[in-house]
Amino acid sequence: MSIRSLTGRGAITRRRFVIGTGLWGAALAVPQRSAGAYAPVYTPASGRPDPLPGTRFDLTVGSVPVNITGARMHAVGVNGSTPAPILRWRQGDTVELNVTNRLDEPTSIHWHGLRVPAHMDGVPGLSFGGIAPGETFTYRFPLHQSGTYWYHSHSGFQEQTGLYGALIIDPRDGYAQHFDRDYVMVLSDWTDVDPEDIVSNLKFQSDYYNFRQRTVDTFFRDAHRQGLGATIRDRLQWGAMNMAPTDILDVSGIIYTYLINGQSPAANWTGLFRPGERIRLRFINASAMTLFDVRVPGLTMTVVQADGNDVEPIPVDEFRIGPAETYDVIVSPTADGPYTVFAQAEDRTGYARGTLATRSGLAGPVPPMDPRPLRTMTDMGMGNMDMKGGMAGMEMGSSPGKPGDAPAGGGMDMDHMDMKEANRPGAAAMDMSGMAAASRHKTELKPGVAVQSVAMMPINRLAEPGDGLENNGRRVLTYADLRATIPGADPRPPSREITLHLTGSMERFIWGFDGKKFSEAEPIRLTLGERVRFVLINDTMMEHPIHLHGLWSELENGQGDCRPYKHTITVKPGERLSYLVTADEPGLWAYHCHLLYHMEVGMFRTVVVS
């Protein structure tokens, strides 16, 4: 890697917590402005996009000095800034970007969520050969869409080390929702530790960064609360499966500092407003490994866009955003505030924080983090079984609002159900005969080295907010809420289904599709023009944000013809979901989990459209 610590990246021990200091070196760097006809670009520290769109840009990828935690480090940035400059474009234009590599290793830039020709997609080995040190590559493509997107490196771990930025494409015919001002809110996770060391540590010990394992103390607390017998049975169940309910995120706040627009919680990024204004906040999760739960206490957020596409406005108090996803929300503060923008990591080991205020220097109150979530039997792929009350709570999986729209409930695989499980404490009440009617999906997938478990009863979880967000007293966005403002462009039914299991081994830190890593798997082949249904079954206990390059993914969430168009879909543990894809752009396309370290160790496929 070209990134080297000025003080020893990777020397941080497992025991060392990092604390953001807010001395974000990139903010001090002077951005390189383009000359002549090329548009200037701005550092994103303010979150304010350029008011005027441009079409031609010079972007230079290079090393950037930073100081997030009190240690002087080097990140990878663009034009002296990390996050990279905000790019503002206009739908219908053709943009040209000259990207020059000043690193001592190859680089690349992928335009996340954009419909571009395959050779402009920026994935080394698929789209092109990458950008060698000292070379310049020119991207040129028309803009058929509008919305909030982002761009990032697809080379090694450069995304983790700072090469990401926001991009906005203004709609040709104006915005559907009025707003008075807008801010980009780029969420990310910074670490002083070398990403190579992180992967090595996770391969050595998958819970290396998890300091919240259950202990003897928690055993006695649980026994006091729920009884000794139930507590022992619970521990035996998890132990038999070599899993832990505390496995939430692979990398935690023990080494991550969570950022908004490149600024730590201590730096307190601030966006100014006047009471009565409508403020558009463009949230982009550019983190490598973190799901965030976002809210602005005291303000209702109206979600108006998901992954760059307009949706019917949805008022919420909170939403979860997986890596690579984007949500645009509008808030309308009528008082002075200040208001805290609070984005806590799913595992509650840290948070990003900023402020909306009427003047600089103000800080809103920071709420306490919510209790940490714990994985459940549903996350283990055992459906909504009430282990004490039989099968009454099992959701058989029909898609909400549109039975048959998605085969979401057919994931039970009776062939691989270990009937010995029925003899475990708490499982005796299971009515096994009731499962047969829902056994629509068959798979040859079996547990093994790369498949720690196979979900027995994956279910539709689109109407669930996510682990840790249930019954918290707040209105939380779910995927089932998302409804496109216009019907989809392709009304044809799918001609076939492609079913993929999201698999892995927590202990070995192995991740893949159908038990195979990228090097072992054949490409997924689509015929140009065909329409297919992708069915994903998550056999693991972790969320996986799955990103298909180059083509839209129309999530079958029960909204009929107004399915939301997504570029990244987060699949919950033990979940089965589906989406439609029209293969209308030829080429080789990447298809992968957007948890960076999952992708790097094999959760990646090639989709060939020809």
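Our subject is the structure that appears above.
In short, a report on the structure. Because the structure is a prediction, the values reported are computed rather than measured.

Thoughts on the pattern of salt bridges
By the definition in use, this model includes 35 salt bridges. Note that Glu 318 and Arg 295 form a salt bridge whose closest N and O atoms lie 3.7 Å from each other. Here the residue Glu 318 occupies a position in the loop between strand E15 (309-316) and strand E16 (319-321), and Arg 295 occupies one in strand E13 (residues 292-295), the gap between them amounting to 23 residues. We classify Glu 318 as buried; its relative accessible area is 0%. For Asp 307, the salt bridge is made with Lys 566, and the minimal N-O distance between the two is 3.3 Å. With Asp 307 in the loop between strand E14 (301-306) and E15 and Lys 566 in strand E26 (residues 565-566), this residue pair connects regions lying 259 residues apart in the sequence. Ionic contacts of the salt-bridge type, sharing partners, join the residues Asp 293, Arg 320, Glu 346, Arg 348, Arg 375, Asp 379, Arg 461, Glu 464, Asp 467 and Glu 543 into one network.

Regarding the environment of Pro 245
Position of Pro 245 among the secondary structure elements: in the loop between helix H4 (228-240) and strand E10 (257-260). In this structure, the C-alpha to C-alpha distance between Pro 245 and Leu 374, residues 129 residues apart in sequence, is 5.0 Å.

Here's the deal with the sheet that holds strand E24 (residues 544-548)
Pairing is mixed in the open sheet, where 5 strands are placed in the order E22-E30-E29-E24-E27. Every interior strand has two partners, whereas the edge strands, strand E22 (524-526) and strand E27 (568-571), have only one. Across the sheet, the mean angle separating the axes of adjacent strands is 20 degrees when strand polarity is ignored.

Some points on the sheet that holds strand E21 (residues 510-513)
If you walk across this open sheet you meet the 6 strands as E21-E20-E23-E28-E25-E26, and the pairing is mixed. Both edges of this open sheet fall to E21 and E26, since each of them pairs with a single strand only. Sheet analysis places strand E20 (residues 496-505) next to strand E23 (residues 531-538), joined by 7 bridges and oriented parallel. Bridge assignment links Ile 498 to a residue of E23, and that residue is Phe 534.

Structural notes on helix H2 (residues 195-204)
For H2, the full list of buried residues reads Pro 195, Ile 198, Val 199, Asn 201 and Leu 202. The buried side chains of H2 occupy one side of the element, clustering within an arc of 165 degrees when seen end-on. Buried-residue contacts for H2 involve helix H5 (596-600). Between the side-chain oxygen of the N-cap and the backbone nitrogen of Glu 196 there are 2.8 Å, and the N-cap of H2 in question is Asp 194.

Thoughts on the packing of aromatic side chains
Following the criterion strictly, the structure yields 25 aromatic pairs and no others. With 5.7 Å between their ring centres and 0 degrees between their planes, Phe 534 and Tyr 579 make a pair best called stacked. Within this pair, whereas Phe 534 is found in strand E23, its partner Tyr 579 is found in strand E28 (residues 576-582), the two being separated by 45 residues in sequence. One exposure class covers both Phe 534 and Tyr 579, and it is buried.

Quick notes on the environment of Gln 160
Looking at where Gln 160 falls in the secondary structure, it is placed in the loop between strand E7 (147-152) and strand E8 (164-170). Judged by relative accessible area, which is 3%, Gln 160 ranks as buried. If we ignore the near neighbours within four places in the chain, the residues touching Gln 160 are Asp 189, Trp 190, Thr 191, Pro 195, Tyr 256, Ala 288, Leu 596 and Tyr 597.

Basis of the calculations
Residues numbered from 1 in each chain as written. Predicted model: local features only at pLDDT ≥ 70, side-chain atom pairs only at ≥ 80, totals over all residues. Heavy atoms only, no water. Salt bridge = Lys/Arg side-chain N within 4 Å of Asp/Glu carboxyl O. Helix = DSSP H or I, 4+ residues; strand = E, 2+ residues; numbered from the N terminus. Buried < 20%, exposed > 50% of the residue type's maximum accessible area, 1.4 Å probe, protein only. Pairing = 2+ DSSP bridges. Axes fitted to C-alpha atoms, helices over the stretch in contact; angles between N-to-C directions. Arc of directions from axis to C-beta. Contact = heavy atoms within 4.5 Å. Polar contact = N/O pair within 3.5 Å; in protein donor to acceptor, adjacent residues only side chain to side chain. Phe/Tyr/Trp six-rings, centres within 6.5 Å; stacked < 30°, edge-to-face > 60°.

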